[in-house]
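Observations on chain architecture
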Amino acid sequence: MKRIVVLVSGNGSNLQAILDACQQGRINGSVAAVFSNKADAYGLERAREAGVPAHALAASQFADREAFDRQLMLEIDAYAPDLVVLAGYMRILSPAFVQRYAGRMLNIHPSLLPKYPGLHTHRQAIENGDDEHGTSVHFVTEELDGGPVILQAKVPVFSEDTEAEVTARVQHQEHAIYPLVVSWFIEGRLAMREDRAWLDGQLLPAEGHAFE
């Protein structure tokens, strides 16, 4: 069975969606371990409740980002993952880390990339008067939130929406599409070649696979 390692920094709701999908057989693999840069991240508790090894590394214990990532890579590699999944992992990754897992590391970002890389995406969508927003699953490259998009889901934004309402609407879609993309990778249907995403042998467009 294919092995998945998940990295979290907070609540871990996307981790929970992936754990549930594995348990229900919608992902033909298992979460081998969960790592966090925050010892109090609730995602670690979700892992423990699912019987999955949960580990925390504190950046304060390391001289720099590269040293932190070297230790993290050592600990991840002990689980021999087929796929590394970033699920709300809020640290910038070193080039060495990205290169180590190139083509087998996924991230989910709460915007319709390339729009709004970085933080506070829901707030930006509201402040700019956007009538649609969404989320993107993409392969990780050294460009922040810039790797090839695999799948996006769109949500409406209404004039009276609060940031919390938009966040909830987007997360509902994230919990649907992230396990789906993970399952594609685990089944061997999804690959990154020449910094582009391919599904079932077909090159995906810049916005990823069409999904309604």
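Check the entry above for the structure.
Here the structure is a predicted model, which is why all the values come from computation and not from measurement.

1. Let's talk about the pairing of strand S2 (residues 29-36)
Every regular strand shows the same layout, with side chains that alternate between the two sheet faces. Within S2, 7 of the 8 residues are buried, which leaves it mostly tucked inside the rest of the structure. With 7 bridges joining them, strand S1 (residues 2-8) and S2 adopt parallel strand pairing. Note on S2: the bridge partner recorded for valine 6 is valine 34. Crossover S1 to S2 through helix H1 (residues 13-23) is right-handed. Here 3 bridges tie S2 to strand S3 (residues 54-56), and the two strands are oriented parallel to one another.

2. Considering the sheet that holds strand S9 (residues 196-199)
Read from one edge to the other, the open sheet built from 3 strands follows the order S8-S9-S10, with strand pairing classed as antiparallel. Here the strands that pair on one side only, and so sit at the sheet edges, are strand S8 (190-193) and strand S10 (202-203). Of the strand pairs in this sheet, S9 and S10 are connected by 2 bridges, and their pairing is antiparallel. Bridging from a neighbouring strand, leucine 199 pairs with glutamine 202 of S10.

What counts, and at which threshold
Residues numbered from 1 in each chain as written. Predicted model: local features only at pLDDT ≥ 70, side-chain atom pairs only at ≥ 80, totals over all residues. Heavy atoms only, no water. Buried < 20%, exposed > 50% of the residue type's maximum accessible area, 1.4 Å probe, protein only. Helix = DSSP H or I, 4+ residues; strand = E, 2+ residues; numbered from the N terminus. Pairing = 2+ DSSP bridges. Right-handed = clockwise from strand over helix to strand, strands pointing away.

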